[in-house]
Amino acid sequence: MVSRTAERHVALPLVEARWLSQTFVHWPYEPRVVQALLPPGLTVDTFEDTAWVGFTPFVMSDLRPGGLPPPGWSFPETNLRTFVRRADGLDGLWFLSLEVGTAVMLAGWAIGAPYHLGALTLHKEDGAVRYAGVRRGGYPSYGVTVRPGAPVAVDALDLWLTSRWRAFTRTGRVLWQTAVDHEPWRLCRADAVDLRQTLTAAAGLPAPSGPPVFHYSPGVHDVRFAPPRPATRARRPGR
């Protein structure tokens, strides 16, 4: 069951941070299309028989080792992710790509987090928030401008699209899980001024099956990441 608050408090975080000025863009997909991109051991999660892929640009702020006070590293980040479940029903995120502008995040490669270096920017002007980025090498890229609106009275779909408390990654035969804990999102509606991106195509996705759903949040200020731990040992093909 997806919940508005974390399932457990991360009392001894490996890393702490703030996630600021976050926009959520979610596209509906046929489940079989998304399932084809997942590793063994994970099944695409659906809301009313529809899979969703999220594009989430934001600022990673004051990233630092757990227990240390701010300041820390601050930089734009943009994630392309979908929603998954393990065989026992445990839900979480699977990242199709993670765009960052600093090499410090490449340490995530150790557990299979698909980080890519690039040039990312975020600007605020006249009530609008503009995000842009291009991966090193010139492809893929994105640009989106949103105008945040009124706060959302969160319904079931809003909650389902924005509240997950662990991410799965994979190295070799090992599936990892990393728990996260933070206060509930303060969600607002968002009107798209423009949207262009090639991240979904670069990830192997076709055009989505419907229009995107937009949300905006000023952010969460007490993000705590638990140390990654093996979720299960992935089986070899044919076993």
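Look up a bit, the structure's there.
Scoring rules and cut-offs
Residues numbered from 1 in each chain as written. Predicted model: local features only at pLDDT ≥ 70, side-chain atom pairs only at ≥ 80, totals over all residues. Heavy atoms only, no water. Helix = DSSP H or I, 4+ residues; strand = E, 2+ residues; numbered from the N terminus. Rg over C-alpha atoms; globule rule 2.2 N^0.38 Å. Buried < 20%, exposed > 50% of the residue type's maximum accessible area, 1.4 Å probe, protein only. Contact = heavy atoms within 4.5 Å. Areas by Shrake-Rupley, 256 points an atom, 1.4 Å probe, with all protein chains shown as cover. Lys, Arg positive; Asp, Glu negative; His and termini not counted. Charge placed at Lys NZ, Arg CZ, Asp CG, Glu CD. Salt bridge = Lys/Arg side-chain N within 4 Å of Asp/Glu carboxyl O. Phe/Tyr/Trp six-rings, centres within 6.5 Å; stacked < 30°, edge-to-face > 60°. Lys NZ or Arg CZ within 6 Å of the ring centre and 35° of its normal. Polar contact = N/O pair within 3.5 Å; in protein donor to acceptor, adjacent residues only side chain to side chain.

1. Digging into the overall build of the chain
- The helix and strand tally for the chain stands at three helices and 13 strands.
- Here the chain has a C-alpha radius of gyration of 17 Å; the compact-globule value for 239 residues is 18 Å, and the two agree.
- The dimensions of the chain, computed from C-alpha atoms along their principal axes, are 55 × 45 × 40 Å.
- Sorting the 239 residues of the chain into buried and exposed places 51% on the buried side.
- Sequence separation of at least 24 residues holds for 71% of the intrachain contacts in the chain that already meet a minimum separation of 6.
- If you sum the accessible surface of the chain, you get close to 11,100 Å²; carbon and sulfur atoms cover 57% of it.
- A distance of 9 Å separates the average location of the 26 positive side-chain charges in the chain from that of its 20 negative side-chain charges.

2. Thoughts on the pattern of salt bridges
- Tallied over the full model, the rule gives 14 salt bridges.
- Among the ionic pairs, Arg32 bridges to Glu30, the shortest N-O distance being 3.0 Å.
- In this structure Glu30 comes out as partly exposed when scored by relative accessible area, which is 39%.
- When the shortest N-O distance is used, the salt bridge between Arg224 and Asp222 registers 2.4 Å.
- Residue Arg224 is classed as buried on the basis of its relative accessible area of 10%.
- The partly exposed category is assigned to Asp222, whose relative accessible area is 34%.
- A single salt-bridge network, built from bridges that share partners, covers Glu7, Asp45, Arg85, Asp91, Arg164 and Arg166.

3. Considerations on the packing of aromatic side chains
- Counted by the stated rule, this structure contains eight aromatic pairs.
- Aromatic side chains Trp19 and Phe225 sit 5.8 Å apart centroid to centroid with 65° between the ring planes, which places their arrangement in the edge-to-face category. Placement of Trp19 in strand β1 (residues 15-29) and of Phe225 in strand β12 (residues 213-225) is noted, with a sequence separation of 206 residues between them.
- Residue Trp19 is classed as buried on the basis of its relative accessible area, which comes to 13%.
- Overall, the relative accessible area of 18% leaves Phe225 in the buried class.
- The rings of Trp19, Phe24, Phe58, Trp185 and Phe225 are connected pair by pair, giving a single aromatic cluster.
- Positioned over the ring face of Trp160 is Arg164, at 4.6 Å from the centre of the ring.

4. Remarks on the side chain of Thr23
- Relative to the assigned elements, Thr23 resides in strand β1.
- The class for Thr23 is buried, based on a relative accessible area of 0%.
- Within polar-contact distance, the side chain of Thr23 engages the side chain of Tyr131 at 2.8 Å.
- Beyond its immediate stretch of four places on either side in the chain, Thr23 contacts Phe55, Thr56, Pro57, Tyr131, Val146, His215 and Tyr216.

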